[in-house]
Amino acid sequence: MLAVVVVLLGLWELYRWIWTSTGWTWPFVVNDTSMPHIWTIAKAFGQPAQVNQAALITVLLHKTAFTAKEAAAGFGLGAVIGFLIGVVLVHSRLLQRGFLPYIVGSQTVPILAIAPMVVVWVNPKLPGPLQGWGAVAVIATYLTFFPVAINTLRGLRSADTQALELMRTYAASRWWVLWKLRVPASLPYVFSALRLAATASVVGAIIGELPTGLQDGLGGAIINFNQYYSIEPQELWATNVIAAALGIAFFLIVVLAERAIVRRAPENVA
Amino acid sequence: MSVSPVVHIERVTKTFPQGNVTALQDIDLELTSGELVSLIGPSGCGKSTLLRVIGDLIQPTRGSITVNGKSASQARKDGDYGIVFQDPVLFDWRTVAKNIALPLEMLGWDRNRRRARVAEMLQLVELGGFAEHHPWQLSGGMQQRVAIARALSFEPSLLLMDEPFGALDEMTRERLNLELLSIWEKTGSTVVFVTHSISEAVFLSTRVVVMSPRPGRIAGVVDIDLPYPRTVETREAPRFFELVTEVRELLRSRGEHLLPEEEEALQ
């Protein structure tokens, strides 16, 4: 793991060195603006981005906590909604045929186009403490629920037909079949969706911050540093590193939860 | 205990609309308490269908079935039978103990009562040390023993077995045949055992019901008068071979239209 990171950093610097020393300009001109040195980016963390401010890393960590809150709320909400949609749809062919195309269709609408509307619609309804970030969480939810809904449906349907027959011999109610058979059988599917949803929720939170004009999160920082890129590119790069780390952290939390919860035969682990 | 009918089947016919297949035609059969009856026949003779009709997993087109004097559907709802399929159908997210406890959970047994019964069942199928194992950590034969323990855990009066040892190797199968007999003798339950192995049917059963295909009918019933307890030596007794021959000839006489591979499957 760590070795891969070191190699990638080495490749970055090697690429830089070859392109600057040969003067190659394809596909883009390599200089301190397009590809700042690794150590320039690293050093940027320790310095204040603006005068009279704390070090960049401190500022970014505060913003990361804010974005993480939005993403976590969006992830949780999206996971619950997606799971419930899967549970409802598996019990009704009619609803499945009626709603599934719209659920798929919902994801073809660009999130950037929906985000401003969500802010306009949702924000005024939110109680004080949820104002602003609550709307962003809803945008993250929009990206999160979809993979969870689709995979939950697939997972619930993956229950073995003989196992369903066995449950029938016990005269098991729908609830028992759901709880004792379908849900446990679906977990590998659900978790592979949650892994996707974990990173999607971070992307959703960052994108959601753009139209809301919120300055408290990583999205605001990205917009801000983007405007100063030609002068201080390392600050945007540093923000990207932190955003990526946040996505990876979300992903790892889901992987750990999966390891703790899912006990399946090796051939049934997705 | 001796003569009350556990299963009563009268003129049962089952036609599947797809392809207009008559899987069962005018089946009459009565099982008394404590019997171990095998259903044997080539593939497509409807033996599994008959088992599923008894278990109310398939509804007959015509005819009537009673189990313990009730309709098959009421008997299923009352938990009058346990079932074992060819595949063990264990839930791999549950431990062996929890798999055995599955039907008990649905019957609303409390934790202590479940634990006590599971321990008993593990003893019965000789899997004492494997309570906390997961199914994929067990051999095929052990998995099938767990399935048997699960089917018997709530003490049903009837045990339905659909080629339970069909996927196992010969050695394991013969060992499990002996174990099944000892379980049957201990529990006194009535067993319906579907198989395509003549020697297995003769070795286990009090009666062998021979079925013929297209449409599925009963070709004949052979009473197995070998004494219990049956042992490894039973398979070497002359009477055993006579009975095997008798069953085989019944299968042949009604099976002139068998395909060669079906004929082979019956050897």
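What you see is a predicted model; the values in this text were computed from it and never measured.

Reading the values: the criteria
- Residues numbered from 1 in each chain as written.
- Chains lettered and ligands numbered in written order.
- Predicted model: local features only at pLDDT ≥ 70, side-chain atom pairs only at ≥ 80, totals over all residues.
- Axes fitted to C-alpha atoms, helices over the stretch in contact; angles between N-to-C directions.
- Helix = DSSP H or I, 4+ residues; strand = E, 2+ residues; numbered from the N terminus.
- Parallel < 35°, antiparallel > 145°, perpendicular 65-115°, else oblique.
- Left-handed = near helix turned anticlockwise from the far one by under 90°.
- Nonpolar A, V, L, I, M, F, W, Y, C, P; charged D, E, K, R; others polar.
- Domains from an automatic or database assignment.
- Contact = placed C-beta atoms within 7 Å.
- Core = buried A, V, L, I, M, F, W, Y, C linked by C-beta atoms within 7 Å.
- Buried ≥ 20, exposed ≤ 12 C-beta atoms within 10 Å, placed from the backbone.
- Pairing = 2+ DSSP bridges.

Caption draft 1: Main features of the packing of helix H6 (residues 133–157) of chain A against helix H8 (residues 174–212) of chain A. Residues and elements named next belong to chain A. For the pair H6 and H8, interaxial distance at closest approach is 6 Å and the crossing angle is 160°. Classed by the angle they form, the pair H6 and H8 counts as roughly antiparallel. The handedness of the crossing between H6 and H8 is right-handed. Counted by class, the contact of H6 with H8 contains 22 nonpolar, 10 polar and three charged residues.

Caption draft 2: Seen up close, the domain arrangement of chain B. Residue and element names in this part refer to chain B. The domains assigned to chain B are domain 1 (5–80 + 158–265) and domain 2 (89–155). Here the C-alpha centre of domain 2 lies 25 Å away from the C-alpha centre of domain 1. Counting residues at the interface gives 11 residues for domain 1 and nine residues for domain 2. Ranked by residues supplied to the side of domain 1 that touches domain 2, first place goes to helix H6 (residues 170–187) with five residues.

Caption draft 3: Fine view of the nonpolar core. One finds Ile-54, Val-192, Val-210 and Val-247 of chain B to be the most contacted residues of the largest nonpolar core, which totals 142 residues. With residues near it in sequence (within four places) discarded, Val-210 of chain B still touches Ile-40, Gly-41, Ala-219, Gly-220, Val-222, Val-247, Leu-250 and Leu-251 of chain B.

Caption draft 4: The arrangement of the interface of chain B and chain A in detail. If you look at the interface, chain B gives 16 residues, while chain A gives 18 residues. For the side of chain B that touches chain A, the elements supplying multiple residues, two or more each, are helix H2 (72–77) and helix H3 (96–106) of chain B. Per element, the largest residue contribution to the side of chain B that touches chain A is three residues, and it comes from H3 of chain B. Classifying every residue of the side of chain B that touches chain A gives 10 nonpolar, two polar and four charged.

Caption draft 5: Quick peek at the sheet that holds strand S8 (residues 190–195) of chain B. All names here are of chain B. Strand order in this open sheet of six strands is S6-S7-S8-S3-S9-S10, and the pairing throughout is mixed. Because the sheet does not close on itself, it has two edges, and the strands there are strand S6 (81–84) and strand S10 (217–223). The average angle at which neighbouring strand axes cross in this sheet is 15°, direction not considered. Pairing of strand S3 (residues 36–40) with S8 involves five bridges; the strand directions are parallel. Paired with Leu-36 across the bridge in S8 is Val-191. Each of S6 and strand S7 (158–162) is contacted by helix H5 (residues 140–152), which is oriented at about 165° to S6, the strand it contacts most.

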